[in-house]
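Okay, here's what each chain looks like letter by letter:
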Amino acid sequence: MGELLHFFITMVLISALSFGGGAPALFYQFGVAETGWITSTDLTAVLAFGFATPGPAVFGTAAFIGYRLSGLDGALVGIVGVFVVPWGLAILAAKYLKAWLDHPHADYFIRGVGLSASGVVATTALNLMPPHIATHVWLLFIAAGAFMAVARWKVNPLYVLGVGGALGVFVR
């Protein structure tokens, strides 16, 4: 199988399996751990950029990995791959969602998927942390401060990432 076809199928799978925000974990698993298409440092950077800019981060991540693989053609393949599933689901939802949401177990399913996605995203966050973070107390403070700023005080993630990047330069 050609590399672009493999990449396209992988992007479709990531799109199909990343309900509730689990895409970063899948990008890590398929793009870093299994294929080596990008490094974990690349993924951290592209996710930070993607979460700080408008629109879903999956499109930027897929385009970034695709561009690394095969230039503009790869970027377009990645974007189409992650777009196909939500596009199809949106069409189906427009037609059938009301009837499905009236099912007595729909709320339990949605809650379960959301909680599972939270666990997957937390695991990805831990996997993307530098391995030496525990030996540098200031890096722990940056991570904890970023978490508090976004979770407790609702600071715009763009500001948090900018301050974290600046602090990272000084802490090294």
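Residues numbered from 1 in each chain as written. Predicted model: local features only at pLDDT ≥ 70, side-chain atom pairs only at ≥ 80, totals over all residues. Heavy atoms only, no water.

Caption draft 1: Inspection of the environment of serine 40 at higher detail. Its place among the elements puts serine 40 in helix α3 (residues 40-52). Those residues in contact with serine 40, other than ones at most four positions away along the chain, are Tyr28, Val32 and Leu128. (Helix = DSSP H or I, 4+ residues; strand = E, 2+ residues; numbered from the N terminus. Contact = heavy atoms within 4.5 Å.)

Caption draft 2: Focus on a nonpolar patch on the surface. A grouping of Met1, Leu5, Ile9, Leu13 and Leu17 is seen on the molecular surface, where their side chains present a nonpolar patch of about 520 Å² in accessible area. For leucine 17, the position within the fold is in helix α1 (residues 3-17). Classification of leucine 17 as exposed rests on a relative accessible area of 54%. (Patch = residues over 30% accessible without salt bridge, like charges linked within 9 Å, V, L, I, M, F, W, Y side chains within 5 Å. Areas by Shrake-Rupley, 256 points an atom, 1.4 Å probe, with all protein chains shown as cover. Salt bridge = Lys/Arg side-chain N within 4 Å of Asp/Glu carboxyl O. Buried < 20%, exposed > 50% of the residue type's maximum accessible area, 1.4 Å probe, protein only.)

Caption draft 3: Region of the structure containing the packing of aromatic side chains. Inspection of the entire model under this criterion finds four aromatic pairs. Ring centres of phenylalanine 7 and tryptophan 37 lie 5.4 Å apart, and the angle between their planes is 85°; on these two criteria the pair is classed as edge-to-face. On the criterion of sequence distance, the pair formed by phenylalanine 7 in helix α1 and tryptophan 37 in the loop between α2 (23-34) and α3 is long-range, its members being 30 residues apart. No difference in accessibility class separates phenylalanine 7 from tryptophan 37, as the two residues are buried. Ring plane angle 45° and centroid distance 6.1 Å describe the contact between phenylalanine 59 and phenylalanine 83, whose orientation is recorded as tilted. (Phe/Tyr/Trp six-rings, centres within 6.5 Å; stacked < 30°, edge-to-face > 60°.)

Caption draft 4: Local environment of the pattern of salt bridges. Tallied over the entire structure, the rule returns two salt bridges. A salt bridge links aspartate 42 to arginine 68; the nearest nitrogen and oxygen atoms lie 2.7 Å apart. With aspartate 42 in helix α3 and arginine 68 in helix α4 (residues 57-101), the pair connects residues that are 26 residues apart, well separated along the chain. Exposure remark for arginine 68: the relative accessible area of 48% places this residue in the partly exposed category. Aspartate 107 is paired through a salt bridge with arginine 111; the nearest N and O atoms lie 2.8 Å apart. With aspartate 107 and arginine 111 both in helix α5 (residues 106-128) and four residues apart, this pair spans about one turn of that helix. According to the relative accessible area criterion, arginine 111 is partly exposed, its value standing at 46%.

Caption draft 5: Spotlight on the nonpolar core. With 16 residues, the main nonpolar core has Met11, Ile14, Phe27, Leu43 and Ile65 as its most contacted residues. When residues of this core are assigned to their parent elements, the largest contribution, four residues, is made by α2. Contacts of leucine 43, omitting those with residues within four sequence positions, involve Pro24, Phe27, Tyr28, Val32, Ile38, Thr61 and Leu128. (Core = buried A, V, L, I, M, F, W, Y, C linked by side-chain atoms within 4.5 Å.)

Caption draft 6: Spotlight on helix α6 (residues 137-151). Helix length check: α6 (15 residues) gives 21 Å between terminal C-alpha atoms against 21 Å at 1.5 Å per residue, within 8%. Those residues of α6 not exposed but buried are Leu139, Ile142 and Ala149. Angular distribution of buried residues about the axis of α6 spans 95°; they occupy a single face of the element. α6 presents Phe141 and Phe147 as exposed residues on the side facing more than 90 degrees away from its buried surface. Contact partners of the buried residues in α6: α7 (157-171). (Expected span 1.5 Å × (residues − 1). Arc of directions from axis to C-beta.)

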